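Each chain is listed here by its residues.
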Amino acid sequence: GINAEYGVVTAIIMEVFTVAIAMVTHMVLADAVDSHDGTNYQDLVGKVCGYPFQLSAQILLFFYTYGLSIASHITIGDQLDKVCHLIHPSGGLICHRDILTPIASM
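Residues numbered from 1 in each chain as written. Predicted model: local features only at pLDDT ≥ 70, side-chain atom pairs only at ≥ 80, totals over all residues. Heavy atoms only, no water.

### Examining the overall build of the chain
Turning to step 1, where the next piece is worked out: When its secondary structure is counted, the chain shows four helices and zero strands.
Turning to step 2, where the next piece is worked out: Each helix (α) and strand (β) of the chain, taken in turn from the N terminus, gives the series α-α-α-α.
Turning to step 3, where the next piece is worked out: Against the globule reference of 13 Å for 106 residues, the chain gives a C-alpha radius of gyration of 21 Å, more extended than a compact globule.
Turning to step 4, where the next piece is worked out: Dimensions of the chain, computed from the C-alpha atoms along their principal axes, are close to 60 × 40 × 20 Å.
Turning to step 5, where the next piece is worked out: When burial is assessed residue by residue, the chain has 13% of its 106 residues classed as buried.
Turning to step 6, where the next piece is worked out: Relative to all contacts within the chain whose residues are 6 or more apart in sequence, the contacts with residues 24 or more apart total 5%.
Turning to step 7, where the next piece is worked out: Carbon and sulfur atoms make up 72% of the accessible area of the chain, which amounts to about 8500 Å² in all. (Helix = DSSP H or I, 4+ residues; strand = E, 2+ residues; numbered from the N terminus. Rg over C-alpha atoms; globule rule 2.2 N^0.38 Å. Buried < 20%, exposed > 50% of the residue type's maximum accessible area, 1.4 Å probe, protein only. Contact = heavy atoms within 4.5 Å. Areas by Shrake-Rupley, 256 points an atom, 1.4 Å probe, with all protein chains shown as cover.)

What follows is the structure, given as structure tokens:
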């Protein structure tokens, strides 16, 4: 119904807004790194805030990246078998989660 349609439109608008904020943030960070003669975000934090904050940024960035990859695998894994059954309705061996998960992880 109407609620579902407006929900999708609202979600798309929010996603576009979030992507726009991320793009602007990356451009600002890239400019800041260039102005401080750094090569990455950790260098910028180290030059502006010192080594302890640089080390903290490296550790937090590692855990953020690891968590994001796990979340992506979960999201993709939950939808992959449904997509496989849409493409190959009879199922078959390839559509089993035990087979799809390692293939998607590669």
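Let us keep going from here.
### Re the environment of threonine 39
Turning to step 1, where the next piece is worked out: In this fold, threonine 39 is placed in the loop between α1 (2–35) and α2 (41–49).
Turning to step 2, where the next piece is worked out: Using a relative accessible area of 68% as the deciding quantity, one classes threonine 39 as exposed.
Turning to step 3, where the next piece is worked out: As a C-alpha pair, threonine 39 and valine 24 span 15 residues in sequence and 18 Å in three-dimensional space.
Turning to step 4, where the next piece is worked out: In this structure the side chain of threonine 39 is engaged in a polar contact, spanning 2.7 Å, whose partner is the side chain of aspartate 43. (Polar contact = N/O pair within 3.5 Å; in protein donor to acceptor, adjacent residues only side chain to side chain.)

### Observations concerning the layout of surface pockets
Turning to step 1, where the next piece is worked out: Space inside the largest pocket adds up to approximately 180 Å³.
Turning to step 2, where the next piece is worked out: Around the largest pocket, the lining residues are Thr25, His26, Leu29, Tyr41, Leu61 and Tyr64.
Turning to step 3, where the next piece is worked out: It is α1 that provides the largest number of residues to the lining of the largest pocket, a total of three residues. (1 Å grid on protein atoms, 1.4 Å probe; cavity = no way out; pocket = protein on both sides within 12 Å on 5 of 7 lines; lining within 4 Å. Points joined across faces, edges and corners; volume = space filled by probe spheres on them.)

### Examining the side chain of glutamine 42
Turning to step 1, where the next piece is worked out: With respect to the element layout, glutamine 42 can be found in helix α2.
Turning to step 2, where the next piece is worked out: In this view, glutamine 42 contacts Gln54, Gln58 and Leu61; residues no more than four positions away in its chain are not counted.

### Thoughts on the packing of aromatic side chains
Turning to step 1, where the next piece is worked out: Summed over all chains, the structure comprises two aromatic pairs.
Turning to step 2, where the next piece is worked out: Seen from their ring centres, phenylalanine 62 and tyrosine 66 are 6.4 Å apart, and the 15° between their planes marks the pair as stacked. With phenylalanine 62 and tyrosine 66 both in helix α3 (residues 51–87) and four residues apart, this pair spans about one turn of that helix.
Turning to step 3, where the next piece is worked out: Ring pairing ties together the aromatic residues Phe62, Phe63 and Tyr66, which thus form one cluster. (Phe/Tyr/Trp six-rings, centres within 6.5 Å; stacked < 30°, edge-to-face > 60°.)

### A look at α3
Turning to step 1, where the next piece is worked out: Given a rise of 1.5 Å per residue, 37 residues ought to cover 54 Å, and the 52 Å separating the end C-alpha atoms of α3 matches this to within 8%.
Turning to step 2, where the next piece is worked out: Bending of α3 peaks at approximately 30° at the position of leucine 80.
Turning to step 3, where the next piece is worked out: Taken together, the buried positions of α3 are occupied by Gln54, Ala57, Gly77, Asp81 and Cys84.
Turning to step 4, where the next piece is worked out: Where α3 is buried, its residues meet α2 and α4 (97–105). (Expected span 1.5 Å × (residues − 1). Bend = angle between axes of the 7 residues up to and from the residue.)

### Structural notes on the confidence of the model for the chain
Turning to step 1, where the next piece is worked out: With 94% of its residues at a pLDDT of 70 or more, the chain shows a mean pLDDT of 84.
Turning to step 2, where the next piece is worked out: At the level of individual helices and strands, the chain shows its lowest average pLDDT in α4, which scores 75, and its highest in α2, which scores 90. (pLDDT = per-residue confidence, 0-100.)

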